[in-house]
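Close look at the chain arrangement
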Amino acid sequence: MDDRRDLDNIFFDSLNLTRSEREAVYEAVVHQVETRMKKAESLNPKNRRKHLAAAEKACGVWAGMPEEEDNGE
């Protein structure tokens, strides 16, 4: 972990980031990871059945819709 912090500091130093800017970067990364983990959980196979059921209902609604007629416009 120290190697990672050293590498981060080299990068941050090259960008002349202040301590608070560096902390903001870390906070943003944590937020992005949390968001991605939540999205991954929503794609969990257990939840996939719910998504498929919703998609099937939507397809049923669209299947009953009449096709648009081309009025030559």
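Counting of residues starts from 1 at the beginning of each chain's written sequence and follows it residue by residue. For a predicted model such as this one, the threshold for reporting local features is a pLDDT of at least 70, and the threshold for listing and counting side-chain atom pairs is 80 or more; totals across whole chains, interfaces and linings nevertheless cover every residue. Remark: hydrogens and water are excluded; side-chain values derive from all non-hydrogen atoms of the structure.

All right, on to the overall build of the protein chain then. The helix and strand tally for the protein chain stands at three helices and zero strands. For the protein chain, the sequential pattern of α-helices and β-strands runs α-α-α. Under the scheme applied here, a residue whose accessible area is under 20% of the maximum for its type counts as buried, over 50% as exposed, and between as partly exposed, the area being computed with a 1.4 Å probe on protein chains only. In the protein chain, which comprises 73 residues, the share counted as buried stands at 7%. Approximately 7,200 Å² of the protein chain is accessible, and the part contributed by carbon and sulfur atoms is 56%. Only DSSP runs of H or I covering at least 4 residues are called helices, and only runs of E covering at least 2 are called strands; the numbering of each starts at the N terminus. Per-residue accessibility takes into account occlusion by the displayed protein chains alone, with areas from the Shrake-Rupley method and a 1.4 Å probe.

A few words on the confidence of the model for the protein chain. pLDDT expresses, on a scale from 0 to 100, how confident the predictor is about each individual residue. With 66% of its residues at a pLDDT of 70 or more, the protein chain shows a mean pLDDT of 79. Of all helices and strands in the protein chain, the one with the weakest mean pLDDT is helix α3 (residues 45–63) (65), whereas helix α1 (residues 2–14) scores best (91).

Time to look at α1. For α1, which comprises 13 residues, the first-to-last C-alpha distance of 18 Å matches the rise-based estimate of 18 Å (1.5 Å per residue) to within 8%. Directly beyond the C-terminal end of α1, a positive phi value near 55 degrees is found at N16. Helices are assigned an expected span. That span is 1.5 Å times one less than the residue count.

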